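# Structural features, examined
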Amino acid sequence: MSDLQATSAAKVPPTGPKNSSLISLVAVVGAPNCGKSTLFNRLTGLRQKVANYPGVTVEKRLGKVRVEDGREITLVDLPGIYSLTARSEDERVARGVLLGEMPGLPPPDAVLLVVDSTNLNRNLSLAAPILDLGIPTLIVLNMSDDLRSRGGRVDGDRLAEQLGVPVIQASAARGEGLEAIRSFLSGRPAVRERLELPVLQDIGSRRRWAVHATARSDYQVPAAAVWTRRLDSAFLHPLAGPLIFLLVVAAVFQSIFTLAQPLMDGTEAVIAASGLWIGSLLPDSWFRDLLLEGIWAGVGSVLVFLPQILFLFVLIGVMEDSGYLARAAVIADRTMARVGLEGKAFIPLLSAYACAIPAIMATRTIESRRERLATILIAPFMTCSARLPVYALVITAFLPETPLLGPFLGTRAAAMIGLYGLGFLAAVATARLLKSTLLKRRSPLPFTLELPPYRWPTLQSIGLRLADRSLIFLKRAGTVILLTAVVLWFLASVPRTDGEAPEISQSFAGSVGRAVEPVIEPLGFNWKIGIGLITSLAAREVIVGTLGTIYGIEAGEEGPDEGSPGLQQALQQDLTPGAAVALLIFFAFALQCMSTVAVVRRETGGWRLALLQFAYMLVLAYFGAWMGKTLVEIWI
Amino acid sequence: MPARTLSDLRQGDEGVLDRLEVVADVAERLMELGFLPGVRVSAGRPAPGGDPMIFRVDGSEVAIRRATARRLILSDSEQVGEAGDYV
Ligand SMILES: Nc1nc2c(ncn2[C@@H]2O[C@H](COP(=O)(O)OP(=O)(O)OP(=O)(O)O)[C@@H](O)[C@H]2O)c(=O)[nH]1
Ligand SMILES: [Mg+2]
């Protein structure tokens, strides 16, 4: 078995040759999408993002593996590379770590070279420059489950002989071959004698060298992935393709309003009941008020939206894990080309539907710096999941549900799709604007994208994504949202006169809201919405919590046991339909998220673009909201 | 007659790549993705609208724009590689 190769390396006694020493830092290297992060996760127990398209990992990530003798070894997961020539930011990271040029990180003492064994000839070309580095290397023939099931095979031992380095067959997805990898890591691998390597600069000769090695290792190329071709003939079909896409999107948004609704009502009932229960336990005091009016009403009103967000993440997860995302990028390339961007920019833009921050990180895969900056500038227009609670709240409060396309599409889902479309249009329009400025020079490198074979999204991977997403959401509810609720409650309870809390409109919080009221009055917003707009700078969904707290306090003023009227009813009293539309448009356009501003500053290397973007989106939001309101008022 | 290029391939057609008429940097990226002179390329179903095109090359599927495909020249003969070298 090929595993022997690795274990024999591990059996070199501690008093081995001089040139061998214990491994402490190991780089995981390989072509994009060959399973590096999956392997890294298996070995370290971490949950680095894995998905079925090239360019998922864009940053180095460290993790610890415990090996046989109890020692801990540091593993570093890297972005995928095709060669040591780095053209994009992510490739520069991988190259920098490998060559020991990263500040704060010593050069690695060993390399796990992960190769996709279903396409060994091309993947192995990368082995030439890597082996030439002279670092002890283990070649991991990954995806061997896929290789076998498609009728391919390779003799790992013979390949090891050919290359002069240990080779093991593994399946990171199934956890096969991990023991052999661990024992390689715990050993003292000898530095390989330098082989006569082909001319490294020449891709063709590297490629011939790889074929030469695989041909002598009995490599049988696997049969083509039949299902991938079948699925592509549907998804890339000129008519069926776009239609399927639209249907799936419609179904997901509809499910946000129908299937997720019972879950949402359930969460709401639990929060309300637990609030009442706690209220009945505690004596009447300021603390009880803070807990019920501030925290329960504030944090609770955001928590209710967790089920809807999870529904959206199932869609994103299936698209990313199946390999459909790469096809969507190809389909979108024509549109993107028209506004001066390329299809590759579409992948970060799509992931911005979850959150703009990883999306901005993901732009590192774009080779051209100008296109990268342009993509960063437009990414926050894509509707991130933090906008979902705001949209869902306002839409449900103001728009009655009537079916449009039978059970497939109702008015609310249609409105939601419209808002997503609006964000996309704003992004496209902005890109157009940039085309004549930032993007004036055409990008030197044309669009290329490797399409992965389709894979089944596993229940486990989708489940993990949902669990991670829930954790992030709960963490935000427990930190940012909780904190703003508490601060807001205190600001709304001072200054006290004769030991009595003021009416909220006369409190500190109220006066801040009333100070901004003149500015937002043309949009139909009063001081309460004003407070929400300010707090939502921390994170968009905070406005929902803030309104929850404000209405909670107001309900407390009416009488201690009245119970709050519910956010929706309260909103209906505070906003005209025109103002509700204005609020939606404002949130579609404004960059209400300080973390995004911070990441843009970091990734663009300065405040200039970050502040420019913030100002631009704010102005657009203000005028967009005003126009929306005006149009609705004319129409009604 | 102008030389045939990858953009002339219809869905299902095959051809042998002769040379890449693009700047060195671009050629290198394309070659890393498998578009090596002498290699057999077959056209898959393109994106709706015909652009970008998708090619099966060297064991994987790669999407490139039609404009790029126009710079990848096919050889007249059906001979693969100098001596069937790559695959
Ligand atoms: N069948 C099979 N699929 C695998 C295996 N290892 C990884 N995958 C799948 O391959 C896809 C890519 O995996 P990743 O771990 O994200 O690949 P990566 O090399 O980190 O990719 P980048 O970060 O984009 O360079 C995912 O869909 C994985 O589930 C394997 O051994 N067998
Ligand atoms: Mg990865």
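Since we're looking at a predicted model, the values are computed, not measured. (Residues numbered from 1 in each chain as written. Chains lettered and ligands numbered in written order. Predicted model: local features only at pLDDT ≥ 70, side-chain atom pairs only at ≥ 80, totals over all residues.)

## Re the overall build of chain B
When its secondary structure is counted, chain B shows two helices and five strands. Reading chain B from its N end, one meets helices and strands in the order β-α-β-β-β-α-β. Counting the 87 residues in chain B, one finds 43% classified as buried. Here the analysis covers contacts within chain B between residues at least 6 apart in sequence; of these, 58% occur between residues at least 24 apart. (Helix = DSSP H or I, 4+ residues; strand = E, 2+ residues; numbered from the N terminus. Buried ≥ 20, exposed ≤ 12 C-beta atoms within 10 Å, placed from the backbone. Contact = placed C-beta atoms within 7 Å.)

## Remarks on the overall build of chain A
Across its full length, chain A carries 28 helices and seven strands. Its C-alpha atoms give chain A a radius of gyration of 28 Å, near enough to 26 Å, the size a compact globule of 636 residues would have. By its C-alpha atoms, chain A is 85 × 55 × 45 Å across when sized along the principal axes. Out of the 636 residues belonging to chain A, those deemed buried represent 50%. (Rg over C-alpha atoms; globule rule 2.2 N^0.38 Å.)

## Thoughts on the interface of chain B and chain A
Facing the 29 residues of chain B at the interface are 32 residues of chain A. Looking at the side of chain B that touches chain A, the elements with two or more residues in it are helix H1 (24-32) and strand E4 (60-64) of chain B. By residue number, the principal contributor to the side of chain B that touches chain A is H1(B), which donates seven residues. Of the residues in the side of chain B that touches chain A, the class split is 14 nonpolar, five polar and ten charged. Note: strand E7 (residues 448-451) of chain A against E4(B), four bridges, orientation antiparallel. Looking across to E4(B), one finds that A:Leu451 is bridged to B:Glu61. (Nonpolar A, V, L, I, M, F, W, Y, C, P; charged D, E, K, R; others polar. Pairing = 2+ DSSP bridges.)

## With respect to the domain arrangement of chain A
What the domain assignment lists for chain A is domain 1 (3-215) and domain 2 (467-635). Domain 1 of chain A and domain 2 of chain A are separated by 50 Å when their C-alpha centres are compared. (Domains from an automatic or database assignment.)

## Quick look at the environment of A:Ala51
Position of A:Ala51 among the secondary structure elements: in the loop between helix H2 (36-44) and strand E2 (61-66). With 26 C-beta atoms counted inside 10 Å, the residue A:Ala51 sits in the buried group.

## Thoughts on the nonpolar core
Residue and element names in this part refer to chain A. Of all hydrophobic cores here, the largest spans 153 residues; its most connected members are Val394, Leu583, Leu584 and Phe586. For this core, the element with the highest residue contribution is helix H26 (residues 577-589), accounting for eleven residues. With near-sequence residues (within four places) excluded, Val394 lies in contact with Leu571, Ala580, Leu583 and Leu584. The next biggest cluster of nonpolar side chains, apart from the first, holds 57 residues, and it includes Ile81, Ala110, Phe184 and Tyr219. (Core = buried A, V, L, I, M, F, W, Y, C linked by C-beta atoms within 7 Å.)

## Remarks on the sheet that holds strand E5 (residues 72-74) of chain B
With antiparallel pairing, the six strands of this open sheet are ordered in space as E7(A)-E4(B)-E3(B)-E2(B)-E1(B)-E5(B). Lying at the two open borders of the sheet, with one neighbouring strand each, are E7 of chain A together with E5 of chain B. Along the sheet, successive strands turn relative to each other by an average axial angle of 40°, direction set aside. Bridge analysis of strand E3 (residues 53-57) of chain B against E4(B) gives five bridges, and the strand direction is antiparallel. (Axes fitted to C-alpha atoms, helices over the stretch in contact; angles between N-to-C directions.)

## Points about the pairing of strand E2 (residues 40-43) of chain B
Residue and element names in this part refer to chain B. Of the two faces of E2, the one lined by Val41 and Ala43 is fully buried and the one lined by Arg40 and Ser42 carries no buried residue. Pairing of E2 with E3 involves three bridges; the strand directions are antiparallel. By the bridge assignment for E3, Ser42 is matched with Arg56.

## Brief notes about the site of ligand 1
Residue and element names in this part refer to chain A. In the vicinity of ligand 1 lie 26 residues, with Gly35, Ser37, Asn52, Thr57 and Gly80 positioned nearest. Every element with two or more residues in the shell around ligand 1 is listed here: H2 and helix H6 (144-149). Ranked by residues supplied to the shell around ligand 1, first place goes to H2 with three residues. Looking at the shell around ligand 1 residue by residue, the classes come out as ten nonpolar, eleven polar and five charged. (Near = placed C-beta within 6 Å.)

## Focus: the packing of helix H13 (residues 286-303) of chain A against helix H21 (residues 459-491) of chain A
All names here are of chain A. Where H13 contacts H21, the axes come no closer than 9 Å and their chain directions differ by 140°. Pair H13 / H21 crosses with right-handed handedness. Facing H13, whose interface residues are Leu290, Glu293, Gly294, Ile295, Gly298, Val299, Val302 and Leu303, H21 presents Ala477, Ile481, Leu482, Ala485, Val486, Leu488 and Trp489. (Left-handed = near helix turned anticlockwise from the far one by under 90°.)

## A look at the pairing of strand E5 (residues 137-142) of chain A
Residue and element names in this part refer to chain A. Among the six residues that make up E5, six are buried, leaving the element largely enclosed by the rest of the structure. Side-chain alternation along E5 places Thr137, Ile139 and Leu141 on one buried face and Leu138, Val140 and Asn142 on a second face that is also buried. Pairing of strand E4 (residues 110-116) with E5, which is carried by six bridges, proceeds in the parallel orientation. By the bridge assignment, Asp116 is partnered in E5 with Asn142. Relative to strand E6 (residues 167-169), E5 runs parallel, the two sharing three bridges. Its bridge partner lying in E6, Val140 is registered against Ile168.

## Considering unusual backbone geometry
For the bond from B:Asp51 to B:Pro52, the omega torsion is -5°, close enough to zero to count as cis. The phi angle at A:Asn33 is positive, at roughly 65°, despite the residue not being glycine. Mapped onto the secondary structure, A:Asn33 falls in the loop between strand E1 (25-30) and H2. Take A:Asn33: there are 24 C-beta atoms within 10 Å of it, and that puts it in the buried class. Phi is positive for A:Asp218, close to 65°, though the residue is something other than glycine. With respect to the helices and strands, A:Asp218 occurs in the loop between helix H9 (203-215) and helix H10 (226-235). On the basis of neighbour counts, which here come to 13 C-beta atoms within 10 Å, the residue A:Asp218 falls in the partly exposed class.

## Some points on the environment of A:Pro242
Here A:Pro242 lies in helix H11 (residues 240-257). The spatial distance from the C-alpha of A:Pro242 to the C-alpha of A:Ala362 is 25 Å, given a sequence separation of 120 residues.

## A short note on helix H3 (residues 89-98) of chain A
All names here are of chain A. By the burial criterion, the buried members of H3 are Asp90, Glu91, Val93, Ala94, Val97 and Leu98. Summarising the axial view, the buried residues of H3 lie within an arc of 155°, below the 170-degree limit, and thus occupy one face. Of the surrounding elements, those touching the buried residues of H3 are E1 and strand E3 (72-77). Looking at the residues trailing H3, positive phi occurs at Gly100, about 70°. (Arc of directions from axis to C-beta.)

## Some words on the packing of helix H18 (residues 369-378) of chain A against helix H20 (residues 411-435) of chain A
All names here are of chain A. Running from N to C, H18 and H20 cross one another at 145°; their axes reach a closest spacing of 9 Å. The two elements H18 and H20 meet at a crossing, and its hand is right-handed. Note on element contacts: H20 touches H18 through Ala427, Thr430, Ala431 and Leu434, opposite Ala374, Leu377 and Ile378. In terms of residue class, the contact of H18 with H20 is made up of six nonpolar, one polar and no charged.

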